[in-house]
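Given next are the chains, with one letter for each unit.
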There are 2 protein chains.
Amino acid sequence: MPHVKNINHVAIVVDDMEKSLHFWRDSLGIPLHEVRDVPAEKSQVAFLPLAGAEIELVQPTTPDSGLAKYLAKRGAGMHHVCLEVDDIDGMLAELKQKGIRLINEEARTAADGKRYAFIHPESASGVLVELYQV
Amino acid sequence: MPHVKNINHVAIVVDDMEKSLHFWRDSLGIPLHEVRDVPAEKSQVAFLPLAGAEIELVQPTTPDSGLAKYLAKRGAGMHHVCLEVDDIDGMLAELKQKGIRLINEEARTAADGKRYAFIHPESASGVLVELYQV
């Protein structure tokens with residue numbers, strides 16, 4: 001049976017990357033791995049890895065993405081939690097069969113080869129949940 | 001210098017524990033460690049540990065707590081992220097000195113002996129951040 005291994009990352013949507021880095025990197029002292037432009041998601045992402053899971057700060061770079069609209073409506077804050085699974089196809093099949101509402105019924109492949117899919121917050125205690133198979 | 005070790009847990013505020021467990025435990029298959037009443041926080045908490053960090057589902061048990069009001073206003077969803085630190089007193093002193101707004105200026109002690117403090121979302125990209133020293 002497919003299973004969840006760990007929290008891979010917590011994604012935080014931000015409106016001012018420098019101000020956010022002042023907190024997460026400079027004040028808490030979490031080492032910044034890199035800040036990367038992700039054109040496919042119309043955003044800039046700062047990766048701050050910890051021993052197990054990672055903090056990701058995501059700032060929209062255009063006003064027309066879903067993330068930009070989320071930010072405009074709700075303000076900065078936690079956006080989604082990403083869980084690492086050992087078998088994403090098996091997990092999606094299982095969730096579908098159990099009546100869980102999926103945003104992506106099939107796993108998608110990111111530029112770096114990771115396979116991912118999102119579960120709808122309606123089925124997940126109001127939380128946007130991403131599944132990752134690394 | 002005090003430092004952040006890992007994400008200890010992600011806390012999710014829920015309005016229907018059974019429905020939430022149907023997703024996190026029964027559909028995702030994350031083992032439930034226990035459901036505990038926490039009278040001091042007027043809530044019931046379900047602990048779902050993963051390899052590194054933990055998912056915590058928190059349901060208010062009275063309508064008058066801060067958490068109950070948060071739930072009534074914003075609905076179910078992510079409530080806070082908890083970071084494990086090696087020296088909570090040193091970290092709080094450091095944050096205060098850097099102008100970070102703290103909810104608890106001094107660490108408090110939970111019933112199980114863990115020491116914790118909350119950082120105000122205003123200083124933390126809109127995220128309620130808990131610090132833990134286990």
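Scroll up for the structure.
What you are looking at is a predicted structure, and each value in this text was computed from that prediction instead of being measured.

Asker: I keep staring at the pattern of salt bridges and nothing clicks. Help me out?
Answerer: Pairing between side chains of opposite charge can happen when the charged atoms of each approach one another. All names here are of chain A. Inspection of the entire model under this criterion finds 18 salt bridges over all chains. Residues Asp26 and Arg25 are paired through a salt bridge, measuring 2.7 Å at the closest nitrogen-oxygen approach. For Asp26, a relative accessible area of 32% corresponds to the partly exposed category. Residue classification places Arg25 among the partly exposed positions, given a relative accessible area of 28%.

Asker: How should I be thinking about the relation of the copies chain A and chain B in this particular structure?
Answerer: What relates the pair of chain copies is a rotation about an axis plus a shift along that axis. Of the transformation placing chain A onto chain B, the axial shift is 0.0 Å and the rotation is 180°, giving an RMSD of 0.0 Å. Put plainly, the chains are arranged around a two-fold axis. Taking C-alpha positions as the reference, the residue of chain A nearest the rotation axis is A:Gly52, at 2.8 Å. Most of the interface of chain A is mirrored in chain B, where 100% of its interface residues again form contacts.

Asker: What should I look at first to understand the interface of chain A and chain B in this one?
Answerer: Many analyses report the size of an interface as the accessible area lost when the parts associate. Contacts between the two partners involve 45 residues from chain A, matched on the other side by 45 residues from chain B. In total, chain A and chain B occlude about 3,200 Å² of area from one another, counting both sides; carbon and sulfur atoms represent 71% of this. Of all residues in chain A, A:Leu28, A:Met78 and A:Ser125 give up the largest surface area on contact with chain B, accounting jointly for 19% of the area buried on that side. Here chain A is connected to chain B by zero salt bridges. Of all elements in the fold, only β1 (4-13), α1 (17-27), β4 (54-60), β5 (77-85), α3 (88-97) and β8 (129-133) of chain A reach the threshold of two or more residues within the side of chain A that touches chain B. Of the residues assigned to the side of chain A that touches chain B, the class counts are 26 nonpolar, eleven polar and eight charged.

Asker: Is there a simple way to explain the packing of aromatic side chains in this structure?
Answerer: One pair of aromatic rings is described through two measures. These are the centre distance and the angle between the planes. Applying the stated criterion across every chain, the model contains four aromatic pairs over all chains. Here the aromatic rings of A:Phe23 and A:Trp24 are separated by 4.9 Å at their centres, their planes lie at 80°, and the arrangement is edge-to-face. A:Trp24 carries the same exposure label as A:Phe23, and that label is buried. Arranged with centres 6.2 Å apart and planes meeting at 80°, the rings of B:Tyr116 and B:Phe118 form a pair that is edge-to-face. Residue classification places B:Phe118 among the buried residues on the basis of a relative accessible area of 16%.

Thresholds applied
Numbers given to residues run from 1 along each chain, matching the order in which its sequence is written. Throughout, the order in which chains and ligands are written sets their labels, letters from A for the former and numbers from 1 for the latter. Only residues with pLDDT of 70 or above have their local features reported here, since the model is predicted, and side-chain atom pairs are shown and tallied only from 80 upward, although totals for entire chains, interfaces and linings are computed over all residues. In computing side-chain values, all of the structure's heavy atoms are included and hydrogens and water are not. For this analysis, a salt bridge means a side-chain nitrogen from Lys or Arg found within 4 Å of a carboxyl oxygen belonging to Asp or Glu. With a 1.4 Å probe rolled over the protein chains alone, any residue whose accessible area is under 20% of its type maximum counts as buried; one over 50% counts as exposed, and the rest are partly exposed. Our superposition of the copies is a least-squares fit, built on the C-alpha atoms of residues whose pLDDT is at least 70 in both. By definition, residues are in contact when any of their heavy atoms lie within 4.5 Å. Buried area counts how much accessible surface, traced with a 1.4 Å probe, disappears from two parts once they are put together, with both parts' losses summed. Secondary structure elements follow DSSP: runs of H or I no shorter than four residues count as helices, runs of E no shorter than two count as strands, and numbering proceeds from the N terminus. Residues are grouped as follows: Ala, Val, Leu, Ile, Met, Phe, Trp, Tyr, Cys and Pro are nonpolar; Asp, Glu, Lys and Arg are charged; all remaining types, including Gly, are polar. Note on aromatic contacts: the rings of Phe and Tyr and the six-membered ring of Trp form a pair at centre separations within 6.5 Å, being stacked when their planes are under 30 degrees apart, edge-to-face when over 60 apart, and tilted otherwise.

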